[in-house]
Structures are given as structure tokens and as C-alpha cells.
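Working through the structure, step by step
Listed below are the residues making up each chain.
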Amino acid sequence: MKENDYDIINKSISGIFMTKETEKRILALDQRRRNRKRKMCQHIVSVAACAIFILFATNLFFYKSAKEQGFVVTVYASELGAEDEIQLYPGEKTLLQPVENPFGTTFLFELELPENYCYEREGTTMGNDHISTHGTTIYWNTEFSEEQRQDLQYELPDYMDSSIRIRIYDEQGEWVDTLILKMTKEDGNCFAELLYEK
Amino acid sequence: MIFSRKNNNEAAGEVFTLFGSILYRNAIIMLRDQQDAEDIVQDALIKYMEHTAQFYDDEHKKAWLIRVNMNLCKNKLRYNKYRSYLPLEQLGIPYEMEHERLLMEVVLELPCKYKEIILLHYVEGYQVKEIAEILKLTESAVKKRMERARCKLSALLS
């Protein structure tokens, strides 16, 4: 490489010039800016869509149903005791067998949670029934005796429902799941259904 | 210089008149593609329009534009790793003799970190210290690169 060669490089590169068309194209800056903005918007939208998709897919992948996480709800009528308990599965409407006595039947819903988990819920009413909560038990006091039914048949509709929303928190106090216990009364029959939402 | 949006295009036009050819030829050498070079010069001008910091003088402005232009070229090269290069004739690089053509082919073959040093030193006439400021490198790094660029040129020519 001779020193003269650097002068040749200088001369050749300095000799590069723009044509009028090139100048015109370069100076069409507004068009370029608009295109850049549009591309940026498309880019942002696609990145956001990807992020949402990943979030959704991850959630689906790691999501465990209430049952898988160890949240179990069992129900039994007070007189039958825990031996005849029925386990509720999400989405299944279960007919509850009443044990009639002069004071009606009380169904007890026992909620089992993993250790250190806690939940919050509220009591409610349905017709003349009273639904209350105490500890990990939900009580549904039904007015079920024949006498009471005859007294109330003109006052209460054939179909009634009420639900309790059970918000479950993990040991760190983070909300992890919501179970809905839906109680239905149809023509004097009691049904319970467990649903979960998240 | 802080200029309003209204005068943005005008200011960019002025800058283009002053430094447009420098930016264009640098982009041509860096990218070996006319269309890409036009895009890069446009982007550099848009960056100038959006830039609100103060310039001390035209030399400062020129150095800033060269740096932005070089960085945009490097981004483009990084983005399009597999590129097709245009021959010298289509790039509008003039040559008279075969040796000149060969020399330019060799310059275009250099890696971009050496190309930018050759451009700034032998074409734009910047000294090592100024190149270091423009490229945000240390002076010793610039010297080293210049030495390696010369070695590479010699090796390719031989």
C-alpha cells in the first residue's frame, strides 16, 4: 500500500455525488416520518399482542383448577354427618338430600384449603332460608318442613338461587382463586353447584 | 439551537445542503447500497429535526451528524446481516484506472469499524483526537484501528 493510494481513496470517495432524484427522494422527509411512525405503531401493536399472548399462554399453562390446588368443598346434611358427605366438583349441579325435621334441614359445606391458606366470604339469604358462614363451614338453613312449605308456597317462587363468593388467599396474602358456591331451590329441591372464576 | 416544529423542514434542508453529500457518501461506503444510503441520510436528517440540544458551531453539528449517520449505518448492517451488495459502477463511485477500482473494492471489503476510520481520517480529514470524539472511542483505540485498517488494506491488495 503506497501513500499515494490514500489520495486515490480520498479522490474516489469524494467523487461520489448525489443525483437530483436522490436529493429529491432524501428531502421527502415528511413521507419518511409518516412511514416511520406507522412502522413504529405496527411494531408496538405486534409487541403488545405478543406480550398478551405470552401472558395468556403462561396463565393457561400454570393455571390449576381449584381441585388441583387442593381446594375441596364437601357438603352434608346436619343429621347425616360427615359419613354421607358429597364432594362438589366445579360445574356439576348436585342434588342435596334433605333430612326433614320440624326445623328444616341444615346443609353444611366444608371448605378444605391447603395449609396456611385462608378465605373470605359473606353470608346471604334466599327466600326464608338463611345462609351463614362460620370458620371453614358454610351453613344453609332451609325451611323444609311440610308445614312450612304449605305456609310459604304462595309467597315464595318455585325457583330461587343465591350464591356465595369465596375468595381464597395464599400464605402471602395473595388472592389466588375465587370459588362460587351457587345454591338453588327448585320445586322444593335443594341443589348446590361449585363454580370457579379467575 | 432549539428550533420550532414549523422550521424543522427548513432547518433540515439547510443541513442537507451543507452536509448532505458527506452523509450520503459515508453511507454509500458503509452500506454498499444506494437505496439504503438514501434511507439512512433521511433518518439522520429526521434525527436532527427531532434533536433539541444546542450545537456550538457548524463543525460540532457536522461531527454530530456524522456520528448519527455512522450509528444508523451500523444498525442497518446489524439488522440486515445477509445483504446483497451493488457493484462499484451502480454505487456511482468514480475510478479511472484498474488500480483505482481495485483499491475501492478493497476499501468496500473492509469491516465497518475500519471503514469508518478510513473515511473519517483520509476522506474527511479528521485527526485521531477528533475521530475519538466523534466515535466515542479512546485515542489509542482509534490509533489501533487505523493501524489494523492499513494492515488489512495492504493484505487485501497484495
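Residues numbered from 1 in each chain as written. Chains lettered and ligands numbered in written order. Predicted model: local features only at pLDDT ≥ 70, side-chain atom pairs only at ≥ 80, totals over all residues.

Concerning the overall build of chain B
Per the secondary structure count, chain B includes eight helices and zero strands. Considering chain B as a whole, with its 158 residues, one finds that 34% of them fall into the buried category. The long-range fraction of contacts in chain B, counting pairs at least 24 apart against all pairs at least 6 apart in sequence, stands at 65%. (Helix = DSSP H or I, 4+ residues; strand = E, 2+ residues; numbered from the N terminus. Buried ≥ 20, exposed ≤ 12 C-beta atoms within 10 Å, placed from the backbone. Contact = placed C-beta atoms within 7 Å.)

As for the interface of chain B and chain A
Contacts between the two partners involve 30 residues from chain B and, on the opposite side, 20 residues from chain A. Looking at the side of chain B that touches chain A, the elements with two or more residues in it are α1 (8-31), α2 (34-50), α5 (98-109), α6 (112-123) and α8 (139-157) of chain B. Per-element tally for the side of chain B that touches chain A: the top contributor is α1(B), with ten residues. Residue composition of the side of chain B that touches chain A, by class: 19 nonpolar, seven polar and four charged. (Nonpolar A, V, L, I, M, F, W, Y, C, P; charged D, E, K, R; others polar.)

Observations regarding the packing of helix α3 (residues 58-79) of chain B against helix α7 (residues 128-135) of chain B
All names here are of chain B. One way to put it is that α3 packs onto α7 with a least axis distance of 9 Å and a crossing angle of 60 degrees. Put simply, α3 runs oblique to α7. Classified by chirality, the crossing of α7 by α3 is right-handed. On α7, the residues that touch A63, I66 and R67 of α3 are E133, I134 and L135. Within the contact of α3 with α7, the residues separate by chemical class into four nonpolar, no polar and two charged. (Axes fitted to C-alpha atoms, helices over the stretch in contact; angles between N-to-C directions. Parallel < 35°, antiparallel > 145°, perpendicular 65-115°, else oblique. Left-handed = near helix turned anticlockwise from the far one by under 90°.)

Some remarks on α6(B)
The buried fraction of α6(B) amounts to nine of the twelve residues, a majority that puts the element mostly inside the structure. Taken as a whole, α6(B) has its buried residues at B:Y114, B:K115, B:E116, B:I117, B:I118, B:L119, B:L120, B:H121 and B:V123. Those residues of α6(B) that are buried are in contact with α1 (3-14) of chain A together with α1, α3, α5, α7 and α8 of chain B. In the segment just after α6(B), B:G125 is the residue with positive phi, at about 80 degrees.

Quick look at the nonpolar core
If you look at the biggest cluster of nonpolar residues, it comprises 43 residues, and the most contacted ones within it are B:A27, B:I40, B:V41 and B:A44. If you list the elements that add at least two residues to this core, you get α1 of chain A together with α1, α2, α3, α5, α6, α7 and α8 of chain B. When residues of this core are assigned to their parent elements, the largest contribution, ten residues, is made by α1(B). Setting aside residues up to four positions removed in sequence, B:A27 forms contacts with B:A37, B:I40, B:V41, B:N69 and B:C73. In this structure, A:L111, A:I131, A:W140 and A:L181 belong to the second largest nonpolar core, which totals 18 residues. (Core = buried A, V, L, I, M, F, W, Y, C linked by C-beta atoms within 7 Å.)

What to know about the packing of α1(A) against α6(B)
The geometry of α1(A) relative to α6(B) is characterised by a closest axis approach of 10 Å and an angle of 95 degrees between their N-to-C directions. The orientation of α1(A) relative to α6(B) falls into the category roughly perpendicular. Side by side, α1(A) and α6(B) meet where A:Y6, A:I9, A:N10, A:I13 and A:S14 of the first sit next to B:I118, B:Y122 and B:V123 of the second. Looking at the contact of α1(A) with α6(B) residue by residue, the class counts come to six nonpolar, two polar and no charged.

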